[in-house]
Amino acid sequence: MVNAQTSVILHTMKGRTVLVMKQLTASLMVLIMSFVIVNRALYIHIHLMPNGSLVSHAHPFSKTADDHKAKDHQHSSLELFLLDQLDIITI
């Protein structure tokens, strides 16, 4: 049988647990968005597609000494689609 004092203690512990979980979630979200912002600032680049369109996105890649705006590394259609979706989410 749970008495009134034990009930208050359990309720307080539950409240603290919820608060800690909210703080951890908020901290994690800030950390993730910080990584997204830094990634976009450091690694944004464009690709020239065969049809002449330009696709802009950001992800870590091996930078070369050249000054070409369109980078030479390749992506599949699925990769470009997923990178585009991530860009839309973070804009």
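Described below are features of the structure shown in this document. (Residues numbered from 1 in each chain as written. Predicted model: local features only at pLDDT ≥ 70, side-chain atom pairs only at ≥ 80, totals over all residues. Heavy atoms only, no water.)

Section: the overall build of the protein chain
Counting its secondary structure elements, the protein chain contains two helices and two strands. The helix and strand sequence of the protein chain, counted from the amino end, reads α-β-β-α. Out of the 91 residues in the protein chain, the part that is buried amounts to 12%. By sequence separation, contacts in the protein chain at least 24 residues apart represent 33% of the contacts at least 6 residues apart. Surface accessibility of the protein chain: about 7600 Å² in total, with carbon and sulfur atoms responsible for 68%. (Helix = DSSP H or I, 4+ residues; strand = E, 2+ residues; numbered from the N terminus. Buried < 20%, exposed > 50% of the residue type's maximum accessible area, 1.4 Å probe, protein only. Contact = heavy atoms within 4.5 Å. Areas by Shrake-Rupley, 256 points an atom, 1.4 Å probe, with all protein chains shown as cover.)

Focus on the side chain of His59
Assignment of secondary structure puts His59 in the loop between strand E2 (54–58) and helix H2 (77–90). Here His45 takes part through its side chain, which lies 3.3 Å from a polar atom of the side chain of His59. Of the polar contacts made by the side chain of His59, one reaches the side chain of His57; its length is 3.2 Å. In contact with His59, other than residues within four places in its own chain, are Asn39, Tyr43, His45, His73, His75 and Leu83. (Polar contact = N/O pair within 3.5 Å; in protein donor to acceptor, adjacent residues only side chain to side chain.)

Concerning the pairing of E2
Alignment of strand E1 (residues 44–48) against E2, held across five bridges, turns out to be antiparallel. Counted as the bridge partner of Ile46 is Ser56 from E2. If you look at the hairpin formed by E1 and E2, you'll find five residues sitting between the two strands, and Gly52 has a positive phi there, around 95°. (Pairing = 2+ DSSP bridges.)

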